[in-house]
Amino acid sequence: MVVGKMLFTFQKRVKLAQGLWLLSWMSTLGGAVTFTLGCFLKTELRRRGEVMDNTDIHCVPNTLMIVGLASMGINYFSSRICQDALDAGRFPQWKTYLKPYFGCSIFFTTLMLISVILSYAMKGSLESSLKIGLKNGIRFYKDTDTPGRCYQKQTIDRLQMEFQCCGNSDYRDWFEVQWISNRYLDFSSKEVKDRIKSNVDGRYLVDGVPFSCCNPSSPRPCIQYKITNNSAHYNYEHETEELNLFIHGCREALVDYYMGLMNTIGAVVLSVFLIQSSVLASLRLLQTSMEAVAGQENWVEIDVQLDVMGGARQSNHTLTVHNNFSQNITPPIRSKELGQTRSSPAHYDDIWHCSEHHLEISTLLIKVPFTQHRKTTNGKLFMRFGHLFTRQQCFRGPENANF
Amino acid sequence: MVLLKLKFPFQKRVRLAQGLWLLSWVAMFSGAITFAMGVFLKTELHRRSEVMHSMDIHIVPNLLMAVGLASVGINICAGKVCQDSLDPSRFPRWKTFLPPFFFLSVFVSSLLLVAMILSFALQPSLEESLKIGLKNGIRFYKDTDTPGRCFQKETIDRLQIEFQCCGNTNYRDWFEVQWVSSRYLDFTSKEVKDRVKSNIDGRYLMDGVPFSCCNPSSPRPCIQNSLLDNAAHYDYEYQTEELNLHKRGCRQALVSYYMGLMNTIGPCVLLFFLLQMSILVSLRYLQTAMEGVLGEENLEIETEGYILEKGVKETLLETKEKIMKLLQFAQVGDASAETPGTESEEKPATA
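Being a predicted model, the structure only gives us computed values, none of them experimental.

Chemist: Just to check I follow, could you spell out the interface of chain B and chain A for this structure?
Modeler: Accessible area lost when the parts come together is the quantity often used to give the size of an interface. Each partner contributes residues to the interface: chain B has 26 residues there, and chain A has 27 residues. At the junction of chain B with chain A, the criterion picks out zero salt bridges. Of the residues belonging to the side of chain B that touches chain A, the class tally is 12 nonpolar, six polar and eight charged.

Chemist: Would you explain helix α5 (residues 152-163) of chain B in this entry?
Modeler: In an α-helix, one full turn covers 3.6 residues, which means residues spaced three or four apart are oriented alike. Residue and element names in this part refer to chain B. In this model, α5 (12 residues) spans 16 Å end to end at C-alpha, consistent with the 16 Å of a helix rising 1.5 Å per residue. For α5, the set of buried residues is Q152, K153, T155, I156, D157, L159, Q160 and F163. In the segment just after α5, Q164 is the residue with positive phi, at about 55°.

Chemist: Please clarify how the confidence of the model for chain B should be interpreted in this entry.
Modeler: Any residue range with low pLDDT should be treated as having predicted coordinates unsuitable for detailed reading. Residues and elements named next belong to chain B. Within chain B, residue pLDDT values average 87, and 94% of them lie at 70 or more. Predicted confidence is poor over residues 341-351, with pLDDT under 50, and the contacts of this stretch with residues over four places away or in other chains come to one contact. Model confidence for the complex is summarised by a pTM of 0.75, with the ipTM given as 0.77.

Chemist: Where do I start with the state of the cysteines in this structure?
Modeler: In a disulfide, the sulfur atoms of two cysteines are held together by a covalent bond. Residue and element names in this part refer to chain A. Under the criterion given, the structure shown has six disulfides over all chains. Put simply, C166 and C213 are joined by a disulfide, and their sulfur atoms are 1.9 Å apart. As the torsion about the S-S bond is roughly 85°, the C166-C213 disulfide counts as right-handed. Of this pair, C166 sits in the loop between α5 (152-163) and α6 (190-197) while C213 is found in the loop between α6 and α7 (250-294), placing the two residues 47 residues apart along the sequence. A relative accessible area of 0% means that C166 is categorised as buried. Take C213: its relative accessible area is 0%, and that puts it in the buried class. Take the cysteines of chain B that form disulfides and number them in order along the sequence; they join up as 1-6, 2-3, 4-5. C104 takes part in no disulfide bond, and the closest cysteine sulfur to it belongs to C82, at a distance of 18 Å.

Chemist: What exactly am I supposed to notice about helix α7 (residues 250-293) of chain B here?
Modeler: Helix length check: α7 of chain B (44 residues) gives 64 Å between terminal C-alpha atoms against 64 Å at 1.5 Å per residue, within 8%. Backbone geometry just downstream of α7 of chain B places G295 of chain B in the positive-phi region, at approximately 85°.

Chemist: Explain the packing of helix α4 (residues 123-139) of chain A against α5 of chain A here, please?
Modeler: In a pair of packed helices, the angle between the axes and the distance between the axes together describe the arrangement. Residues and elements named next belong to chain A. Here α4 crosses α5 at 120°, and the two axes come no closer than 9 Å. Relative to α5, the element α4 is oriented oblique. With respect to the hand of their crossing, α4 and α5 are arranged in left-handed fashion. Of α5, the residues touching α4 (which contributes L134, G137 and I138) are Q152, I156 and L159. When grouped by side-chain class, the residues that make up the contact of α4 with α5 number four nonpolar, two polar and no charged.

Chemist: Teacher, can you tell me more about the pattern of salt bridges here?
Modeler: Residues and elements named next belong to chain A. The full count for this structure, using the stated rule, is 27 salt bridges over all chains. Close ionic contact of D143 with R149 constitutes a salt bridge, the shortest N to O distance being 2.9 Å. Residue D143 is classed as buried on the basis of its relative accessible area, which comes to 11%. With relative accessibility at 30%, the residue R149 sits in the partly exposed group. One salt-bridge network, in which partners are shared between bridges, spans E44, R47, R48 and E162.

Chemist: Honestly, the side chain of S129 of chain B in this entry has me stumped. Any pointers?
Modeler: Residue and element names in this part refer to chain B. Relative to the assigned elements, S129 resides in helix α4 (residues 123-139). According to the relative accessible area criterion, S129 is buried, its value standing at 5%. The residues touching S129, leaving out its near neighbours within four places in the chain, are V51, M52, H53 and S54.

Rules behind the numbers
Residues numbered from 1 in each chain as written. Chains lettered and ligands numbered in written order. Predicted model: local features only at pLDDT ≥ 70, side-chain atom pairs only at ≥ 80, totals over all residues. Heavy atoms only, no water. Contact = heavy atoms within 4.5 Å. Salt bridge = Lys/Arg side-chain N within 4 Å of Asp/Glu carboxyl O. Nonpolar A, V, L, I, M, F, W, Y, C, P; charged D, E, K, R; others polar. Helix = DSSP H or I, 4+ residues; strand = E, 2+ residues; numbered from the N terminus. Expected span 1.5 Å × (residues − 1). Buried < 20%, exposed > 50% of the residue type's maximum accessible area, 1.4 Å probe, protein only. pLDDT = per-residue confidence, 0-100. Disulfide = S-S within 2.5 Å. Axes fitted to C-alpha atoms, helices over the stretch in contact; angles between N-to-C directions. Parallel < 35°, antiparallel > 145°, perpendicular 65-115°, else oblique. Left-handed = near helix turned anticlockwise from the far one by under 90°.

In structure tokens form, the structure reads like this:
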């Protein structure tokens, strides 16, 4: 049972080849776009790499980049193939490559689809990676004198200001860690000693947050210390009032940001995938329809008008027009009386010889049966179609053809 | 005396026309780019317009936009003239159009130079405008409940965070204004009463700055209150220590930013001006060379091209005379309408 069988006339094949050539160039562009989107996503993920615990999520942009490059190559080859497709002389050279080529292309095209699915599937992994990364960032916020961690403070501050977020899940995460370094604490003061004694680990915990949590849109000057102490500030109730800190946690803000990016990229990649699949399907159709033609040596299609001028002699030769793909001798659709040849039919090739006579494009689709009994001939006739492919070969008729 | 005469054989004329046609397309794109740069500069100035007091500096992007558009039109015309120039039947229709066209183009191109000079000349005006604008912004920082000023706080905060600056000249500008609104001050507390009494205007002044002055790169958690009080913080000496606030003033930061923008735009504009002038000079040569061909039988003769037929002074005198004649003709036209009788009497006498 043949899948997706379609009938292809000569003109339809030509149109298919031309359309496919254009489409494959469009698809090459789509592949380049996919590659750039992969690069962009990778740089964005790397920028915040310090607050991510693992790099599992990087498989999405890596896949996109690989697929983008591969699809550029695939589409370049597909445009070469359809350029050669309508030329029966050059098409066979691709025969051996086509099966592995199709296998490769289908693999990479499905990889494109997989990358889109991955970008949604890896959301959970991204979230847990950010959770651990941010937790560490907040823990090491104070260690600006420890090599390897001295930029954590700056990273977290800039992150909170840029994404307008505070803490991991919310601002209370800052209450659970000591984010003020011991270098700046006066251990002789009573307040510090009380706080340190109040918990098991001897950490200096405050109900305050760093300045980067402050929301510039708030009408009140920022309250960042003694947040839970209502009496410390005038006209302040932390339970009811809208705090002038950022409400969202940084984990939520970052996940939203990256999911937004991947949603946009996913939509674009999906459309590139559709274009790519249509390119491959059309290429397959073109290949199979050309293979059907290739076996027909005796029936060569030409688009030619025989304008017999100068040197033609009298003979009752006729040109007959048959259907395409016709294996049997069908009754001719149309026949045209030619002038007579110089002498006996043995020399009728004079009429056809390309150097002696002019041949012009015509609307008659002429299929020239070389003999009624399908004797093979030497060579092919003039073939010319469209303006993309031009191939001319001279025809030499058989010696005593019964034309 | 002809100005800068050159000989033009036929082939040279053809090459000149072709080269000029191509160059006019390039100049058209440059005009579009100039327009785009003007639009960009205008939007950047507009974004920070809340801290600018006057709009004088906007003349630079306005000029750039106008010149960009005008030069696109000029270069399209120049391209058309080139196309017609090698065809003696179509060229004459441009004859009357070309002299005013040249004047207009030279004027528009010189506007480019003017724009560039202005961008440097208006720097003090920009600085002054920013000084006043920032001063007002800092003064009205606390008025988040006054309509018309309620976004000053957000504007100043975001400005200080983005440009990494603090205050007008430096952070001490915040010590001289009350930036904490009275709504949030407890007037029953002793501290507030002391501070309010300590100055004539009854303002609550403090040696503190808003949070947006804090520098994220500093290793220490931000000290923004009691900046001048060494005892208030552990291991802190404001005279010697590098404060963890932004050092620059916002005025300086903004002026540097805008000057940087205009310094980038300046050379591009200069290049474009040179391109445009070379097109105009070549077009003038082409025009004068073609005028030599008109009316001749053989189109392939060699002709001369020049910039001005007579010397500069003579040309100026001639144009002045022409303009005077035009004015006189207008006056005489009025006068003759009033006294037709005397003229007709004179005519038989002279005949």
